[in-house]
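Letter by letter, the chains look like this.
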Amino acid sequence: MAVFSWFNEVFLKMTWLNNFMGGIVENVFQLDSTSRIGASLQFFLYDTLKIFFLLSVLIFGISYIQSYFPPERTKKILGRYKGINASILSALLGTVTPFCSCSSIPLFIGFTGAGLPLGTTFSFLISSPLVDLASVILLASIFNWSIALAYVLVGLVLAVLGGGVIGRAGMENQVESFVYGASSIDVEEVKLSPKDRYNYSVEQVKEVIQKVWLYVLLGVGIGALIHNWIPQELITALLGQDKWYSVPLATLIGAPIYADIFGTLPIAEALLAKGVGLGTVLAFMMSVTVLSLPSLIMLKKVIKPRLMSLFVGIVVIGIFIIGFGFNEFSSVFI
Amino acid sequence: MEIKVLGPGCANCVRLEKNVEEALKNLGMKATVSKVTDPMDIISFGVMSTPGLVVDNKVVSYGRVLTPAEIEEKIN
């Protein structure tokens, strides 16, 4: 355990980097690191470096794993299972299958065209953006492991139950009819050498960094603002743990925001430090990642309004329950 | 030779198409290069992760932007 906590401190929390940045702020910028400006600068430097470092290492490792689970293969595996087992497996595979909103349409058509039940497909669509392996490790870095594991668990449960409800709702007629005409051909698997997988992982790191660097900077910037400039009273008045409306409010604020989960983490970190409830913070993050407008707009091309409302409704209710639950039992985790 | 780039038109698909052109130029080969942008047509190849690359109606890659060198290996 000692080795484990040493690893946690050094590589995940990087307390040494924080101290080092404190030194830079004091000696290079000649600012008091306990002053507002000094502390903001220290938070910004430390968090930016930490997130980019973790991001690069994590994306590399995770892409390597993901190269074994392209959606084409996931589809084939899922076709062999039925009912709740299919939903559970679908939610699990969602965490290791690479997913971006630009391929959600081909994926939806591919899954449905191959005869996978709607419930299975939606379990995947909920779990894939929500429980991303990289985000889990970052969660552990920013909060702690029990929070990260609890997040994974409730995320998977939401995916399985959400898919289950949608599967039983008899909404097959709510899918645009052309989707069912899709061919269900399985692509011949392309053999990848270790070198191919390595190249793929390096490309993914570059691509993800290119895609998210701005969100991360913005997120850390906002985090630094919350940390040192926005009065605690204002934040607790709006999002404080004792306010019943904090969870719905956080979900509502999160939904239209299109950001990567990596951009939301520094904001979440700062909010938590300001006394916002853990459940409220998690509700915000889940809402940003699953209910992002661009992917909903994409999805609208293949499903009709009633199914769309059911999907959004289930996710929102699920996030509320998770949020309230974590707020109620946060003492277990922090 | 007939080469198809599968993808709804995202940035990666454009990059893959450029790399295909470059690979052909490097090899001094001629081929018809076309784009398949309709999701239904992409699915008909069994591909879901874009961009995909099809050479003479055989899927040789999906979910990756191959470098020109890698494409040269596949088509040579």
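Bear in mind that the values here come from a model prediction, so they are computed numbers and not experimental data.

A count of helices and strands for chain B gives three helices and four strands. Here the C-alpha atoms of chain B give a radius of gyration of 11 Å, agreeing with the 11 Å that 2.2 N^0.38 yields for 76 residues. If one aligns the C-alpha atoms of chain B with their principal axes, the spans along those axes are about 35 × 25 × 15 Å. A buried classification covers 53% of the 76 residues belonging to chain B.

Assigned secondary structure in chain A consists of 16 helices and zero strands. Radius of gyration (C-alpha) of chain A: 21 Å, near the 20 Å computed for a compact globule of 334 residues. Along the first, second and third principal axes, the C-alpha atoms of chain A reach 65 × 50 × 35 Å. Out of the 334 residues belonging to chain A, those deemed buried represent 51%. Taking as baseline every contact in chain A between residues at least 6 positions apart, the subset at least 24 positions apart corresponds to 82%. A total of about 15,000 Å² of accessible surface is found on chain A, and carbon and sulfur atoms cover 69% of it. For chain A, the centre of its 20 positive side-chain charges and the centre of its 19 negative side-chain charges are spaced 9 Å apart.

Residues and elements named next belong to chain A. There is about 390 Å³ of room inside the second largest pocket. Lining the second largest pocket are 21 residues, with I222, I226, I253, I267 and F284 positioned closest to its centre. For the lining of the second largest pocket, the secondary-structure elements that each account for two or more residues are α10 (194-228), α11 (232-239), α12 (246-254), α13 (261-273) and α14 (278-290). When the residues that make up the lining of the second largest pocket are grouped by side-chain class, the tally is 18 nonpolar, three polar and no charged.

Let us look at the interface of chain B and chain A. How big an interface is tends to be expressed through the accessible area that disappears when the partners come together. Opposite the 22 residues of chain B that make contact, chain A presents 27 residues. When the two sides are added together, the surface that chain B and chain A hide from each other amounts to roughly 2,000 Å², 62% of it contributed by carbon and sulfur. Our count for the contact surface shared by chain B and chain A stands at one salt bridge. R64 of chain B is the partner of E203 of chain A in a salt bridge, and the nearest nitrogen-oxygen pair spans 2.7 Å. Taken together, the links from chain B to chain A amount to five residue pairs in polar contact (both at pLDDT 80 or more).

What counts and how
- Residues numbered from 1 in each chain as written.
- Chains lettered and ligands numbered in written order.
- Predicted model: local features only at pLDDT ≥ 70, side-chain atom pairs only at ≥ 80, totals over all residues.
- Heavy atoms only, no water.
- Helix = DSSP H or I, 4+ residues; strand = E, 2+ residues; numbered from the N terminus.
- Rg over C-alpha atoms; globule rule 2.2 N^0.38 Å.
- Buried < 20%, exposed > 50% of the residue type's maximum accessible area, 1.4 Å probe, protein only.
- Contact = heavy atoms within 4.5 Å.
- Areas by Shrake-Rupley, 256 points an atom, 1.4 Å probe, with all protein chains shown as cover.
- Lys, Arg positive; Asp, Glu negative; His and termini not counted.
- Charge placed at Lys NZ, Arg CZ, Asp CG, Glu CD.
- 1 Å grid on protein atoms, 1.4 Å probe; cavity = no way out; pocket = protein on both sides within 12 Å on 5 of 7 lines; lining within 4 Å.
- Points joined across faces, edges and corners; volume = space filled by probe spheres on them.
- Nonpolar A, V, L, I, M, F, W, Y, C, P; charged D, E, K, R; others polar.
- Buried area = accessible area lost by both parts, 1.4 Å probe.
- Salt bridge = Lys/Arg side-chain N within 4 Å of Asp/Glu carboxyl O.
- Polar contact = N/O pair within 3.5 Å; in protein donor to acceptor, adjacent residues only side chain to side chain.

Nothing here speaks to function; it is all geometry.
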